[in-house]
Amino acid sequence: MSKAVVELPPKGGFNFDLCRRNEMLLKKGASPPSFRKTGTTIVGLIYQEGVILGADTRATAGSIVCDKNCEKIHYMAPNIYCCGAGTAADTEAVTDMVSSQLQLHRYHTSRESRVATALTLLKSHLFNYQGYVQAALVLGGVDVTGPHLHMIYPHGSTDALPFATMGSGSLAAMAVFESKYCEGLNKEEGINLVCEAICAGIFNDLGSGSNVDICVITKGHKEYLRNYRVPNTRAHFSSKEFTFPKKTEVLLTKIVPLREKIEVTEDGDAMEE
Amino acid sequence: MTKQQANWSPYDNNGGSCVAIAGADYCVIAADTRMSTGYNILTREYSKICKLADKCVMASSGFQADVKALQKQLAARHLIYQHQHNKQMSCPAMAQLLSNTLYYKRFFPYYSFNVLGGLDNEGKGCVFTYDAVGSYEKVGYSSQGSGSTLITPFLDNQLKSPSPLLLSVQDAVTPLVEAEAIDLVKTVFASASERDIYTGDKIEIVVVNATGIRREYMELRKD
């Protein structure tokens, strides 16, 4: 007698049931759907009065740009922001989730959120998912203990640094930081340096592009400079006014009735109750 | 026992797009000048356009090492033709030669997506479009490369009749004037460089007409 296997309800988290089928499809030559990644340049640095975060604004799906001006600097708390690189859905989901958790925590404790709290919440979530949540983050903020800047990797490890870069353009940006960073930069120097680093990513990395977003966080105050610099405008505007037909053009109309039209007479037998 | 996958490929894709448009007495051939590999830019000033004969110009995207080898091969064969026939090869003749050269390497292809443009013996513009192994067709306009999926639908919308079923196949020449064709090419590349990461930096536009061959450039997005 065969043993019946009890179907347990899914426990939540990732369902790997289709992996075998996907492998078979790959062998047959089917290409997997691409997800929207922010092939990105994100940076952060600590300056005299706090933290400055920077990001480019291009989102790609494979080699096509799917969003020319997306926002990669996510709000976590009034004094904490987080830049995200990797799969766009993952960075959005994880930062939104932790942002909500921080707000509940603020209600619970009646205190300003700390960067270390956000850090622990993010890293434990990412570690829990063993790297399947592909979010590489640069977390920065100023709290009672001072300015903090952290890098968070998709598998859940973290680094605390005076300057950080992530994403496909991180090498280009890090080259700028390593050459020009020093401690105790003032606000203007800090913003310029971050802008230069992001621009290095924008122009030298094909996964990054479009504009520069900057966020300056100091004790008790933040400045979100959306599109701080717009170094890439459209190359050519045609003087010709292109017109496109509003509707699909009808080439041929042919009506084929599917079935004979049946006339139903009124005084047929009523159906038996 | 699963089949062993190759851990090295002889090919690479250097990206880029090319376009050609034929008119009644001219031909416009254009390509961007960016050469890339993976997510990196190798150079912003690489010419993908090569003059094969007096009135015959080829633009190629794909693996530039194979493109270079192909161009050398065609130049050598053209020289031999000139010695044997005491004249330059016409564009339709060069088109056939290119097709044969590509098919010769059917089982280890040139990773090269070509678009050939020029004037035929009567001085009318002609464009030939190829795949990697030599299948070709004479058309009024064509686009190849990484941006072709973005460029071709727009060219179809502007230049093609709504359905080839109703109207007979055109004379393989567009009704545009030279200046209009150049403006269209600039617009189309500006749009492609917005959405394709491999297209950008600069466009090189080559115009072949009765007076000869002239070249112009236009700056594109560098990101």
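Our structure's up above, just so we're on the same page.
Attention here is on the structure that accompanies the text.

Rules behind the numbers
Residues numbered from 1 in each chain as written. Chains lettered and ligands numbered in written order. Predicted model: local features only at pLDDT ≥ 70, side-chain atom pairs only at ≥ 80, totals over all residues. Heavy atoms only, no water. Buried < 20%, exposed > 50% of the residue type's maximum accessible area, 1.4 Å probe, protein only. Helix = DSSP H or I, 4+ residues; strand = E, 2+ residues; numbered from the N terminus. Pairing = 2+ DSSP bridges. Axes fitted to C-alpha atoms, helices over the stretch in contact; angles between N-to-C directions. Contact = heavy atoms within 4.5 Å. Polar contact = N/O pair within 3.5 Å; in protein donor to acceptor, adjacent residues only side chain to side chain. Core = buried A, V, L, I, M, F, W, Y, C linked by side-chain atoms within 4.5 Å.

## A short note on the pairing of strand β5 (residues 49–53) of chain B
Residue and element names in this part refer to chain B.
Next, step 1: Here β5 lies mainly inside the structure; 4 of its 5 residues are buried.
Next, step 2: Inspection of the sheet shows β5 paired to strand β6 (residues 56–62) by 4 bridges, in the antiparallel sense. By the bridge assignment for β6, Lys 51 is matched with Val 57.
Next, step 3: Connecting the antiparallel pair β5 and β6 is a turn made up of 2 residues.

## Some words on the sheet that holds strand β10 (residues 141–145) of chain B
All names here are of chain B.
Next, step 1: On the basis of which strands lie adjacent, the open sheet formed by 5 strands has the order β10-β1-β2-β11-β12 and antiparallel pairing. Looking along the sheet, the strands with just one partner apiece sit at the ends: β10 and β12 (212–219). Strand-to-strand twist of the sheet, defined as the mean angle between neighbouring strand axes without regard to direction, takes the value 15°.
Next, step 2: Sheet contacts for helix α3 (residues 148–159): β1 (17–22) and β10; angle to β10, the most-contacted strand, approximately 170°.
Next, step 3: Its contacts with the sheet place helix α4 (residues 178–195) against β1, β2 (26–32), β11 (202–209) and β12, and it is angled at close to 15° to β2.

## Observations regarding the side chain of B:Thr129
Residues and elements named next belong to chain B.
Next, step 1: Here Thr 129 lies in strand β8 (residues 125–130).
Next, step 2: Among the polar contacts listed, one links the side chain of Thr 129 to the side chain of Ser 142, at a separation of 2.8 Å.
Next, step 3: When residues no more than four places from it in sequence are discounted, the contact partners of Thr 129 are Asn 114, Val 115, Ser 135, Tyr 136, Glu 137, Val 139, Ser 142 and Gln 144.

## Some words on the nonpolar core
Next, step 1: Grouped together as the largest cluster of nonpolar side chains are 23 residues, with contacts concentrated most on B:Val19, B:Ile21, B:Val28, B:Leu155, B:Val185, B:Phe189 and B:Ile205.
Next, step 2: Elements with a contribution of two residues or more to this core: β1, β2, α3, α4 and β11 of chain B.
Next, step 3: With 7 residues, α4(B) is the single largest residue contributor to this core.
Next, step 4: B:Val19 has contacts with B:Val28, B:Ile29, B:Ala30, B:Val115, B:Ser142, B:Ser143, B:Ile151, B:Leu155, B:Val185, B:Val188 and B:Phe189, leaving out every residue within four places of it along the chain.
Next, step 5: In terms of nonpolar packing, the next biggest core, distinct from the first, is built from 22 residues, A:Tyr47, A:Val176, A:Cys199 and A:Val212 among them.

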